[in-house]
Every structure is written in structure tokens, then in C-alpha cells.
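Coordinates in review
What follows is the residue order along each chain.
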Amino acid sequence: KRRAKKATENKDKPGFIFLEIDGLAETILRKAIENGTMPTLAGWVSSGTHKIKGWETDFSSQTGASQAGILHGNNKDIPAFRWVEKAKGNKVISTVGMGDAPAIEARISDGNGLLGTNGQAIANLYSGDAKDNIFVFSKLSRIRELYSQSWNTFHAVSYNLVHTIAYTLWEIVLEARSRYRQWRRNTLPRLRHRGLVYYFTRVVADVFLRELSTYAVIGDIIAGDKDVVYTTFMGYDEVAHHCGISDDEAFYVLRKLDRCIKRIEAAKAYAQRPYYLCVLSDHGQTNGATFKQRYGHTLADLVQKLLPEGHRTYFELDSNQDHFGQMVTVPLQNVRKRVTRKSKKKEDKKIDAIVLASGNMGLIYFTQWADRISLEDINKTYPEIVKGLSQHDGVSFAMIRSKEQGSVVIGANGKYYLADDKVEGENPLAKFGKRAAAHLRRLDSFNCVPDIVLISTYDTEKDEVAAFEELIGSHGGLGGTQSKPFILHPSEWDLEKEEIIGAENVCRLFKREMANISTKSSGTKRNDDSGTVHMDGTARAR
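What you see is a predicted model, and the numbers here were worked out from it, not measured in a lab.

Quick word on the sheet that holds strand 13 (residues 406–410)
- Spatial strand order, 9-10-11-16-12-13-14-15: eight strands in an open sheet with mixed pairing. Single-partner strands in this sheet number two, and they are strand 9 (312–315) and strand 15 (422–425). Between one strand and the next, the sheet's axes are offset by a mean angle of 20°, whatever the strand orientation.
- One ladder, built from three bridges, connects strand 13 with strand 14 (residues 414–417); its direction is antiparallel. Bridging across to strand 14, Val409 finds its partner in Tyr416.

Given below as C-alpha cells:
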């Protein structure tokens, strides 16, 4: 009754549905539209109801930073998927940590997120300040967040449970077939050992959460009591990590997502109010054989080799668990860690360097210093490490802060000084685009920025990187399509002249366009001098 009353009150007010396809680059979207994989979206574009707009992520091209920016308009101090906070005793913070995710949202939220006004969040990392949440990771500590009235649409038809079980069994068959097919064809690059846990992870991402999101969104559209809804489809990102961003398996996932979007679109015919649909991605992915596959050792192995004898390295990474996979397994791992906490604390005292990875971004923290260590002190204490890392074939550059010259980007044959944009020798940022230096400067301003930031080798001809994680499709740093997501938006939205840089500005644009549409529907005029949105968050008049 409460939902029906609210829907009646809002029958002439437009609502907005945001459907995020996690990890889908603009180039892959266009390819899927052109080859017939996504006929629903192709129809939107060809009929002129929607347009495709590309945008550029921040330095950290991963869901933790991007969804914080899109949903809350604030992703400051999120340097990667996981990082170290020295002030908390060298604690490793993860965007999918059961205790960390709520704390991160509390820090980035001001109560005015994208979903703050009568919104619902479904299967996202953060809530966007929505009061109604279902399977939102930062809210999972509250049991009531596991269920919403919107999911009643699923339970209303008994066939849906059978349908989902059948999809689950078929997904397991597809994964087994995919492994055999890639082995038989000798597909390269590929992951040779995906493990048994991945069957479960894939089913959760590409069946359970996909069906949950689809039916919950349909329920919200039919009920008509939500002004804005945002959900994340994680299946493509999950499969592309393990199979490759253009693999047949990845495009099969996109075909299924297109059918879900078609069902959501069809629900508008039963809605009590008008709804606008927007499809977007939070980042892309870049393909490539991993660092370990290319060179026979991990980044942690390399760092350990370059440290003086007797110094220890700690590597926080599961071999082939992607970021979503860790969302599934981290709660189980936390139980195990509580059991071994005492012994682990004793070991941590002996650790000299913590090495983390976020796609092809490497993060190195030295535990002896309470603050960020300088280039001069690194060279004095660990004389082999800077040269050894920057000269390695698998590393494009290392960023380190100098006491005298500010932060310096060091490549094999040259340096880039961020303070004054001075280049010495070959420019190590040349292949990473015109805004690479600006992205690094913003990262450099964050708290908890690593003592050494690394970006792996990047082959511009093949558009391939070498992930420091064991993932074929990767994201988290710079290089290739991982930084090039998209927004497939209603044509009424005025984005043609925009140059959208950074996830925070996506939030500002969405808020602006929703306000414009709502104002037009109410018949009033609104003064708006906003125009192109820039990395500093300012807007200039058209």
C-alpha cells in the first residue's frame, strides 16, 4: 500500500534507471552492437533514442574508485583496489573488505549521493546514499539489506526458481566448455588453471546477481515508487578477466545481458510513470598475458630479489581471484584469518615491504617508515630497487616522490618531473595519453599513496598490458581500453560537447541531466550554466 501510494503521487514525475555493465570498454560495446551480439542496444542507437558517449576513468580504473565517484561524487584517497594505511599499523585496506567497505563509504559519503533522493541500489559496491539497498557490499553487515520488496517480482512466478537453477547448471557446463575450447585451440594468452572456486564465482556473478538485478529493477519500474535505481551487472567483467575481453565466452555474456535489458525495457509498458534507461560501464579492461606468464616470476618475487638479504616481502594477492571473486571469498577468508591472527601478527613484524597489485598497477609500501619514503631514502636504504624495477622489461615506469624535485616518473630511458612537466631523456608517459601526468598528479595528492607506484609494460600495437595479477583481462592502472568506459544515454541528455574525465564528474553530469529532465516535465525553467566538466570538477558555460 505504501509503494502504491507513493507511485500514485509520482505518476507524472520521470524516474531514472542506471544499468551498469561492469568492466565493458566502449570499443567492445561498439563491437558487440555491430556484430549483432546486443540487438536491443543496437536498436536504441539506430532508432536515435540513445547515444553512446565515451568517458575516461581516473588513474585507478577499477570498480572501487569508479563507483565511489559515480555514486557518491567522491573517490578521493582511493588509490587502488587495495592499499596500505601506514597510520593504522600498515593495515591493508580492501574495497571489498567486510569492515573496510562500510568505512570507505562512510568517508566518501556526504548524504547527497546519486541515489540519495528516493533511490534504490542493487548489487553495487556502494549505496550512493540510497535508503533501500539489496546486496550492496558496503551494507551487507545488515541482514535486512539481503532482501527488498523489489525482489517480489522474482518470487511472484514459481517458474523463475526453476529457470535460475537451470541457468546455474548451464553456466557450469559453459565454464567447463570454455576451458576445454581454449585448451583445444591453444588460445593465447589464457589462464591455464582457473580453479574449482571459479565455477562458484562465475555462477554468482553471471546467474544469481544478474537475475536478482533484472527482476528487482523490473519490480521497481512496475511499482513506480523509486525515483532513481542503480544496479551492476558483474558477469562480463568476471568472464573477461579469465577468458579475455573479446573471447566468445565474454560476448555470450553480453548477449544474455542484452536480453535482460530488453526485459527491463518491456517493463516500462506496465509502469505508472515514465522511466529513462541509461546503460553505462565503470571502466573497461585491457587484454594481455600476465607479468608472471611473460617473465616467470611475480612482482613480489622481483621486489624480494632486489631487497637486501634478510629483508622480507609480503604479497597480498590470491593467484587468480579477480576483484569480484574476492568479494565472494573474502568473507570466508576473514574467518580463517581470525583463527590465525596471533601467528600472523608475529610474522608481520618481520615484513619490510608490502607489495600489492591492482591489474597492471603495482603498489609497494616500505613498513619501516611511518610516512611516505622519499626517493633519496629509498636509494640509500635499498640501492638496487629503483634501478631494478624501472629497468625491468615488464615495467613501463615507477613513480616515486623526491625530497628535492617532487614526484618523479622514472622509466628505463628517461624521467618525467610532475612538478613542472619537465622531461629528461625519453618520456616514460608518452604512450599513456595526454592526461597521464594529470592523473598521476591527482594520485600523488592522495593519502596512502604508495612509496613506489608501478605501471606494467604496455604494447600499443597489440593494446596489451602485463597484469601483476593472474588475470588475462585486467584493469586498475593505465594503458589501453581499461580507462575507456562508456555511457549509453537518452538522446535528450545534453552530453555531445562534454569531455568527461573522472568518475566524480559522471556523478555531476547524471545529477544535472536528471534535474533538467525533471524540470522540463514540471513545466518550469531552470538556469544552468554548466558545460564541459573537467578533472578539477569545475564547469564552464557553453
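As for the sheet that holds strand 7 (residues 228–233)
- The strand order 2-19-8-1-7-5-6 describes an open sheet built from seven strands, whose pairing is mixed. Strands at the two margins of the open sheet, each flanked by one partner only, are strand 2 (50–54) and strand 6 (132–134). Neighbour-to-neighbour, the strand axes of this sheet turn through a mean angle of 15°, independent of strand direction.
- One ladder, built from two bridges, connects strand 8 (residues 275–280) with strand 19 (residues 486–490); its direction is antiparallel. Residue Val279 lies in a different strand from strand 19, and its bridge partner there is Leu488.

Description of a nonpolar patch on the surface
- Together, Leu161, Ile165, Leu169 and Ile172 give the surface a local cluster of nonpolar side chains, amounting to about 380 Å² of exposed area.
- Counting through the fold element by element, Leu161 comes out in helix 7 (residues 159–185).

Brief notes about the nonpolar core
- Grouped together as the largest cluster of nonpolar side chains are 66 residues, with contacts concentrated most on Phe18, Leu114, Leu440, Leu443 and Phe510.
- Discounting residues that sit within four places of it in the chain, Leu443 has contacts with Phe59, Pro79, Met361, Met399, Val449 and Val453.
- Ile33, Phe251, Leu277 and Phe486 belong to the second-largest nonpolar core, a separate cluster that totals 46 residues.

Details of empty space enclosed by the protein
- For the coordinates displayed, the defined rule picks out three cavities of 30 Å³ or more.
- The computed volume of the second largest cavity comes to approximately 70 Å³.
- Around the second largest cavity, the lining residues are Asp58, Phe59, Ser60, Ala65, Asn75, Ile78, Pro79, His439, Arg442, Leu443 and Phe446.
- Counting residues per element, the lining of the second largest cavity draws most heavily on helix 17 (residues 436–444), which supplies three residues.

Re the packing of helix 7 against helix 10 (residues 248–267)
- Put simply, helix 7 and helix 10 touch, their axes get as near as 10 Å, and they point 150° apart. The angle between helix 7 and helix 10 falls in the class roughly antiparallel. Judged by residue contacts, Trp170, Glu171, Leu174, Arg177, Ser178, Arg181 and Arg185 of helix 7 engage Asp248, Glu249, Tyr252 and Lys256 from helix 10.

Some remarks on the pairing of strand 11 (residues 361–366)
- Counting buried positions along strand 11 yields six of six residues, so the element is predominantly enclosed.
- Residues of strand 11 alternate between two faces, with Met361, Leu363 and Tyr365 on one and Gly362, Ile364 and Phe366 on the opposite face, all of them buried.
- Relative to strand 11, strand 10 (residues 351–358) runs antiparallel, the two being bridged by six bridges. By the bridge assignment for strand 11, Val355 is matched with Ile364.
- The turn linking strand 10 back onto strand 11 is made up of two residues, and Gly359 within it adopts a positive phi angle of 65°.

A word on the packing of aromatic side chains
- The tally for this structure, following the rule as stated, stands at 13 aromatic pairs.
- Pairing Phe291 with Phe468 gives two aromatic rings, centres 5.1 Å apart and planes at 55°, and the pair type is tilted. Linking Phe291 in helix 11 (residues 291–295) with Phe468 in the loop between strand 18 (464–465) and strand 19, this pair joins segments that are 177 residues apart in sequence.
- Judged by relative accessible area, Phe468 falls into the buried class, the value being 3%.
- Ring-pair connections join several aromatic residues into one group, and the members of that group are Phe18, Tyr230, Trp493 and Phe510.
- Geometry around Tyr215 places Arg263 over its ring, the cationic atom sitting 5.1 Å from the centre.

Some remarks on the environment of Thr201
- Mapped onto the elements, Thr201 comes out in helix 8 (residues 197–223).
- Between the C-alpha atoms of Thr201 and Glu238, which are 37 residues apart in sequence, the distance is 8.2 Å.

Observations concerning the packing of helix 4 (residues 63–72) against helix 18 (residues 503–522)
- At a minimum axis distance of 6 Å, the contact between helix 4 and helix 18 shows a crossing angle of 25°. Judged by the angle between their axes, helix 4 and helix 18 are roughly parallel. Relative to helix 18, the crossing made by helix 4 is right-handed. Contacts between helix 4 and helix 18 involve Ala65, Ser66, Gly69, Ile70 and His72 on the former and, on the latter, Ala503, Glu504, Val506, Cys507 and Phe510.

Concerning the pattern of salt bridges
- Applying the stated rule across the entire model yields 37 salt bridges.
- With a shortest N-O distance of 3.7 Å, Glu211 and Arg263 are connected by a salt bridge. Residue Glu211 is located in helix 8, and its partner Arg263 is located in helix 10; the two are separated by 52 residues in the primary sequence.
- For Glu211, a relative accessible area of 1% gives the class buried.
- Note that Asp227 is salt-bridged to Arg273, the shortest N-O span being 2.9 Å. With Asp227 in the loop between helix 8 and strand 7 and Arg273 in the loop between helix 10 and strand 8, the pair connects residues that are 46 residues apart, well separated along the chain. Neither residue differs from the other here; Asp227 and Arg273 are each classed as buried.

Some thoughts on the side chain of Ser402
- Along the chain, the position of Ser402 falls in strand 12 (residues 395–402).
- Residue classification places Ser402 among the buried residues on the basis of a relative accessible area of 4%.
- Here Glu404 takes part through its backbone nitrogen, which lies 3.2 Å from a polar atom of the side chain of Ser402.
- Contact partners of Ser402, with chain neighbours within four places excluded, come to Leu375, Glu376, Ser407 and Val408.

Here we look at unusual backbone geometry
- Omega for the bond connecting Leu188 with Pro189 falls within 30 degrees of zero, at -5°, which places this linkage in the cis form.
- Mapped onto the elements of the fold, Pro189 is located in the loop between helix 7 and helix 8.
- Of note, Asn186 is a non-glycine position whose phi angle comes to about 55°, a positive value.
- Residue position: Asn186 is located in the loop between helix 7 and helix 8.
- A relative accessible area of 45% means that Asn186 is categorised as partly exposed.
- Notably, Asp421 is not glycine yet its phi reads approximately 55°, a positive angle.
- Structurally, the position occupied by Asp421 is in the loop between strand 14 and strand 15.

Cut-offs used in this document
- Residues numbered from 1 in each chain as written.
- Predicted model: local features only at pLDDT ≥ 70, side-chain atom pairs only at ≥ 80, totals over all residues.
- Heavy atoms only, no water.
- Pairing = 2+ DSSP bridges.
- Helix = DSSP H or I, 4+ residues; strand = E, 2+ residues; numbered from the N terminus.
- Axes fitted to C-alpha atoms, helices over the stretch in contact; angles between N-to-C directions.
- Patch = residues over 30% accessible without salt bridge, like charges linked within 9 Å, V, L, I, M, F, W, Y side chains within 5 Å.
- Areas by Shrake-Rupley, 256 points an atom, 1.4 Å probe, with all protein chains shown as cover.
- Salt bridge = Lys/Arg side-chain N within 4 Å of Asp/Glu carboxyl O.
- Core = buried A, V, L, I, M, F, W, Y, C linked by side-chain atoms within 4.5 Å.
- Buried < 20%, exposed > 50% of the residue type's maximum accessible area, 1.4 Å probe, protein only.
- Contact = heavy atoms within 4.5 Å.
- 1 Å grid on protein atoms, 1.4 Å probe; cavity = no way out; pocket = protein on both sides within 12 Å on 5 of 7 lines; lining within 4 Å.
- Points joined across faces, edges and corners; volume = space filled by probe spheres on them.
- Parallel < 35°, antiparallel > 145°, perpendicular 65-115°, else oblique.
- Phe/Tyr/Trp six-rings, centres within 6.5 Å; stacked < 30°, edge-to-face > 60°.
- Lys NZ or Arg CZ within 6 Å of the ring centre and 35° of its normal.
- Left-handed = near helix turned anticlockwise from the far one by under 90°.
- Polar contact = N/O pair within 3.5 Å; in protein donor to acceptor, adjacent residues only side chain to side chain.

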